[in-house]
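Residues per chain are reported as follows:
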Amino acid sequence: MCGITGFFGDGDQNDLTTMTVALAHRGPDADGYFVDTQNRIYLGHRRLTIIDAAGGQQPMSDMSGDVIVTFNGEIYNHIALRRELESLGHRFKSSHSDTEVLVNGWRAWGTGLPERLNGMFAFAIYDRRDRILFLARDRFGEKPLFYGDKGGTFAFASELSAVAAHPRFGRDIDRLALKKYFAYGFLPGATALYRHCHKLPAGHWLRVDLESRRVDSEAYWTFRLDADPALATRTESSLAEELRSHLETAVQRRLMSDVPLGLFLSGGVDSSAVLAMAAAGQSTEPIQTFTIGFDEPTYDESTFARQAADAFSTNHHQQTLDLDACQRLLPEITSRLDEPIGDPSLVPTYLLSGFTREHVKVALSGDGADELFAGYDTFTGLRLARIVDAVVPHKARSAIRRLADLLPRSDSNLSADFKIRRALGGLTYERPLWNPRWLGPLSPEDITELFNEPVDIETLFEEAVAVWNDNPMANLTDQTLAFYTRLYLTDDILVKTDRASMMHGLECRAPFLDPDLVDFICRLPTRFKYQRGERKWLLKQALSGLVPESLLQRKKKGFGIPLTTWLRGLPSVEQVDVGADLDVVRRFERAHHEGHADHRLFLWCWRVLQQQTASLTDSHATLPRDASAQANV
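The paragraphs below set out a description of the structure included in this document. (Residues numbered from 1 in each chain as written. Predicted model: local features only at pLDDT ≥ 70, side-chain atom pairs only at ≥ 80, totals over all residues. Heavy atoms only, no water.)

### Remarks on the nonpolar core
Counting 180 residues, the largest nonpolar core has F123, L178, F182, L450, F512, F602 and W606 as the members making the most contacts within it. In terms of residues, this core owes the most to one element, helix α21 (residues 476-502), which gives 12 residues. With 19 residues, the next largest nonpolar core counts F34, Y126, F156 and L206 among its residues. (Core = buried A, V, L, I, M, F, W, Y, C linked by side-chain atoms within 4.5 Å. Buried < 20%, exposed > 50% of the residue type's maximum accessible area, 1.4 Å probe, protein only. Helix = DSSP H or I, 4+ residues; strand = E, 2+ residues; numbered from the N terminus.)

Okay, here's the thing in structure tokens:
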């Protein structure tokens, strides 16, 4: 797990070093540089050593020296790919480096390389002979990759701040990106916060022709639900057995490591499933599991985690924290995010990652299961949405929403009044906008007021509309699954996990995102995910008899913080120089604190943005004096 960066065009070694140093937290073990001044190519790397400590230094070249790669991630099928490449005549310098598979794989398969990879990755390959710069990102975007293209210079990096550290680029905030941030609670799709910058979308590659300067991008994989009629005729027990087999294989693949490894454990279905599959191939050493507990009962899951740990006799580590004390960490955490994330569970994820890193370098998580198996409360709320949509005219829905706003408000985690208001909030819009409106901090009307200018709804929600239109005949449950998987998982959950873990130099792996497992899940008819009001139906069947039944049937709690209470205890919001009306922000804040409205998500998003913009002047790293001597030319 590492940080990568580089550029083609204007600049020098000092610019490259500045960009690379900005990623030091992602790779605390080593750095590396490659410079081809004649062709104006600069590649940088920060390394967190997980596999092949002696032979995995980067940037790495093939035997000829003509193909050079800087790589962030893990390739779980690298041994099989190495054997295939060796059979084709390719030679390797290292004993078992997954990075070296990429340079030889490029020679063998070209742009077809990414679709052969089972792993989480973001990499850049420089082909000196064909004068091509090639970038790729894994199927779900577990590993981030940003790029900028401006004035004849193309730059890329694992984090946006490293791109912005190049003098050709800056931190000029894109106004549409900001509106999307407040509409979704995250930056969707290719959207990046700064002008002239973009995210390479998950499952995409990008190619720069260094002669013509032409930039091409293409999706090599897209998540799509495509129910297989043959699976519909099989018994639930046989499907559960096959799911269990895929999940066990996925977990065992991700236990590959040359350094200590452990598991995040909440005691929920997802993390318990990962633990059960890890235990199936367990050696004599007990598995290490890690849990953060909280002193506030409605947010604490440590009792359930202990039950799961006891069931599998793990070496369990638990830390109980005072949630009010955690509030003091907010400026530290949010100022280091690189791009704003409107997900308050960032805080406990950060704390868990730090606690886990005290013991291990790699952790497995249950990320992805909620999205793939309809695990969120939203899926239960779809019943109410269907009823309202069928019997209530559009003109009357605003009145229903206003009635819901009159419900007594609770500060408890995932309270009923919160769920009802969120569920009804989107129904005043067309169906393609339901999901982002159920999730997002502000409505289009609120955004218009905040920025004092009209917004084009189709442009604001173009990513959600594109997901909906990709399969317009799908049922509402599948449309919601697609939205959560293609947007919320990729651009919120995985971003949060990546940033929180990499702040501590911890690698986090998600077995539920294994390509073979996902392919099987995509072919399952909807009823095997959500059946008779029960979420994660087939997953629970697959775990029956392996995981204690009390854990399989427990109510979902989520990984949250007492946001409403915390917000009341913070100083009043401050101005952020983004063209927004501070009077509107403070009016929203007063209404929230007085209990007249629920603006917790917006106020969190604003404070994250406020903290990040305030920290920009302190974000420039100091260069090592011998930076230029570290480059390979």
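### Re the sheet that holds strand β6 (residues 119-127)
If you walk across this open sheet you meet the 6 strands as β4-β5-β6-β7-β11-β12, and the pairing is antiparallel. Where the open sheet ends on each side, the last strands, each with one partner, are β4 (60-61) and β12 (215-219). Of the strand pairs in this sheet, β4 and strand β5 (residues 67-75) are connected by 2 bridges, and their pairing is antiparallel. Looking at the pairing, S61 lines up with I68 of β5. Of the strands in this sheet, β4, β5, β6 and β7 (132-137) touch helix α3 (residues 98-109), which is tilted by about 130° from β5. (Pairing = 2+ DSSP bridges. Contact = heavy atoms within 4.5 Å. Axes fitted to C-alpha atoms, helices over the stretch in contact; angles between N-to-C directions.)

### Regarding the packing of helix α7 (residues 236-253) against helix α22 (residues 515-522)
The contact between α7 and α22 brings their axes to 8 Å, and the two run at 155°. Judged on the interaxial angle alone, α22 and α7 are roughly antiparallel. For the element pair α7 and α22, the recorded crossing hand is left-handed. Seen from α7, the contacting residues are L239, E242, L243, H246, L247 and R253; seen from α22, they are D516, L517 and F520. Looking at side-chain class alone, the contact of α7 with α22 contains 5 nonpolar, 1 polar and 3 charged residues. (Parallel < 35°, antiparallel > 145°, perpendicular 65-115°, else oblique. Left-handed = near helix turned anticlockwise from the far one by under 90°. Nonpolar A, V, L, I, M, F, W, Y, C, P; charged D, E, K, R; others polar.)

### A closer look at helix α12 (residues 346-357)
Each α-helix winds once per 3.6 residues, and so residues spaced three or four apart point in a common direction. Helix length check: α12, at 12 residues, gives a terminal C-alpha distance of 16 Å against a target of 16 Å (1.5 Å per residue), a fit within 8%. Along α12, the residues that are buried comprise L346, V347, P348, T349, Y350, L351, L352, S353, G354, F355 and T356. (Expected span 1.5 Å × (residues − 1).)

### Side note on the packing of aromatic side chains
Taken as a whole and judged by the stated rule, the model has 26 aromatic pairs. On the numbers, 5.7 Å between centres and 35° between planes, the contact of F121 with F123 is tilted. We classify F121 as buried; its relative accessible area is 0%. On the basis of relative accessible area, F123 is assigned to the buried category, the value being 0%. Plain terms: the ring middles of F123 and F134 are 6.3 Å apart, the flat faces sit at 40° to each other, and that makes the pair tilted. With F123 in strand β6 and F134 in strand β7, this residue pair connects regions lying 11 residues apart in the sequence. Judged by relative accessible area, F134 falls into the buried class, the value being 0%. Members of the aromatic cluster, connected to one another through ring pairs, are Y184, F186, Y376, F379, F461, F483, Y484 and Y488. (Phe/Tyr/Trp six-rings, centres within 6.5 Å; stacked < 30°, edge-to-face > 60°.)

### Notes on the side chain of H78
Counting through the fold element by element, H78 comes out in helix α2 (residues 78-87). Excluding residues that lie within four positions of it along the chain, H78 makes contacts with H96, S97, D98, V101 and M256.

### A few points about the environment of E445
As for its position among the elements, E445 is in helix α18 (residues 444-451). When its relative accessible area of 46% is taken as the criterion, E445 is described as partly exposed.

### Here we look at helix α26 (residues 582-593)
Taking 1.5 Å as the rise per residue, α26 with 12 residues should run 16 Å; its terminal C-alpha atoms sit 16 Å apart, in good agreement. Taken residue by residue, α26 has L582, V584, V585, F588, E589, A591 and H592 as its buried positions. Where α26 begins, one side-chain oxygen reaches toward the backbone nitrogen of D583, 2.9 Å away; that side chain belongs to D581. (Polar contact = N/O pair within 3.5 Å; in protein donor to acceptor, adjacent residues only side chain to side chain.)

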